[in-house]
Amino acid sequence: MESGFITSIPQQIDLIKAKIPDSVRLIAVSKQFSSSAIRTAYDCGIRDFGENRLQEAIAKQKQLQDLPDICWHFIGHIQTNKAKKVLEHFSWIHSLDSLKLAQRLNKLAAELSASPQICLQVKILPDPNKYGWEIPELLQQLPQLDLCQHLKIQGLMTILPLGLSPEQSLSAFTQTRKLAETIKQQQQWSNLAMNELSMGMSGDYLLAIEAGATMVRLGTAIFGKRA
Ligand SMILES: *Cc1c(COP(=O)(O)O)cnc(C)c1O
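Caption draft 1: Layout of the overall build of the protein. Broken down by element type, the protein carries 9 helices and 8 strands. Taking all 227 residues of the protein together, 51% fall into the buried category. When contacts within the protein are restricted to residue pairs at least 6 apart in sequence, those whose partners lie at least 24 apart make up 63%. Approximately 11200 Å² of the protein is accessible, and the part contributed by carbon and sulfur atoms is 50%. Here the protein contributes 24 positively and 21 negatively charged side chains, and the mean placements of these two sets differ by 6 Å.

Caption draft 2: Local environment of the packing of aromatic side chains. Applying the stated criterion across every chain yields a total of 3 aromatic pairs. Between Phe 33 and Phe 223, the ring centres sit 5.1 Å apart and the planes meet at 25 degrees, which makes this aromatic pair stacked. Taken as a pair, Phe 33 in the loop between β1 (25–29) and α2 (35–43) and Phe 223 in helix α9 (residues 220–223) lie far apart in primary sequence, 190 residues in all. Plain terms: the ring middles of Phe 74 and Phe 90 are 5.0 Å apart, the flat faces sit at 75 degrees to each other, and that makes the pair edge-to-face. Here the residue Phe 74 occupies a position in strand β3 (residues 71–74), and Phe 90 occupies one in the loop between α4 (83–89) and β4 (92–96), the gap between them amounting to 16 residues. Its relative accessible area of 3% is what places Phe 74 among the buried residues. The lysine or arginine in question, Arg 47, covers the ring of Tyr 42, its NZ or CZ lying 3.5 Å from the ring centre.

Caption draft 3: Seen up close, the side chain of Thr 158. By the element assignment, Thr 158 lies in the loop between β6 (152–157) and α7 (166–186). Thr 158 sits in the buried class, given a relative accessible area of 1%. Looking at Thr 158, its side chain comes within polar contact range of the main-chain oxygen of Val 122, at 2.8 Å. If sequence neighbours within four positions are ignored, Thr 158 has contacts with Val 122, Ile 124, Phe 173, Thr 176, Ser 198, Met 199 and Arg 217.

Caption draft 4: Molecular detail of the nonpolar core. Formed by 70 residues in total, the largest nonpolar core has its most connected members in Phe 49, Leu 120, Leu 138, Leu 145 and Leu 156. Among the nonpolar cores identified, the runner-up in size contains 6 residues, and Ile 27, Trp 92, Met 157 and Met 215 belong to it.

Caption draft 5: Region of interest: the pattern of salt bridges. One pass over the structure, following the stated rule, counts 10 salt bridges. A salt bridge links Glu 88 to Lys 84; its shortest N-O distance comes to 3.6 Å. Placement of both Glu 88 and Lys 84 in helix α4 is noted, with a separation of 4 residues, approximately one turn of the helix. Residue classification places Glu 88 among the partly exposed residues on the basis of a relative accessible area of 42%. On the basis of relative accessible area, Lys 84 is assigned to the partly exposed category, the value being 41%. Note that Lys 130 is salt-bridged to Asp 127, the shortest N-O span being 2.9 Å. Lys 130 gets classed as partly exposed once you look at its relative accessible area, which sits at 21%. Of the residues examined, Asp 127 reaches a relative accessible area of 9% and is grouped as buried. Through salt bridges with shared partners, one network takes in Glu 51, Glu 56 and Lys 60.

Conventions and cut-offs
Residues numbered from 1 in each chain as written. Predicted model: local features only at pLDDT ≥ 70, side-chain atom pairs only at ≥ 80, totals over all residues. Heavy atoms only, no water. Helix = DSSP H or I, 4+ residues; strand = E, 2+ residues; numbered from the N terminus. Buried < 20%, exposed > 50% of the residue type's maximum accessible area, 1.4 Å probe, protein only. Contact = heavy atoms within 4.5 Å. Areas by Shrake-Rupley, 256 points an atom, 1.4 Å probe, with all protein chains shown as cover. Lys, Arg positive; Asp, Glu negative; His and termini not counted. Charge placed at Lys NZ, Arg CZ, Asp CG, Glu CD. Phe/Tyr/Trp six-rings, centres within 6.5 Å; stacked < 30°, edge-to-face > 60°. Lys NZ or Arg CZ within 6 Å of the ring centre and 35° of its normal. Polar contact = N/O pair within 3.5 Å; in protein donor to acceptor, adjacent residues only side chain to side chain. Core = buried A, V, L, I, M, F, W, Y, C linked by side-chain atoms within 4.5 Å. Salt bridge = Lys/Arg side-chain N within 4 Å of Asp/Glu carboxyl O.

Structure, rendered in structure tokens:
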């Protein structure tokens, strides 16, 4: 947060919208915030909401059934036994982090006639605390990911390690964009696309946009600090 003052959700959304281009999709990360906070953001024009816990998200979705044009984004690690429910309750998955999970989601998507929009989560810098592909492994597994025809793979997602300087963050985001460009140029993929970059959170979204982010995932900057 940029000031010590408590500001309202509508004010925060106005401030953020003034800073980001219209072409960048603003995803409000509502994890740990109530459905009434989501309603307030919705009334300010926000339609994309991100959640990372399945049960919590489903409970809020039930309370918000009267807002059918919300687009739900799953941004957390997916346990194998929850994969089906994630497909049933979310349009986007930003956190696909292994080939095994991709193949499972692909099979389930076929059974459910679902077409989930997907970002591949990549560890652009080493980070033992995070899920995601290391770059060489991702490059090696792309042909198998391309075979997952029921997944609409649209691009990459990254979360940076804590404690980077602005220069380091900009450089890591730029590397992510270049990785997407490299993948795009590699060969004619039959399924896989690389047009989306989901990167940037409350502390670093302007740097992410500078580096080419097409989607930013903002929680604290919109809703305030989580408990
Ligand atoms: C919580 C979370 C965010 C939002 O973080 P803020 O710092 O509150 O903006 C974005 N992306 C992911 C994957 C998250 O888990």
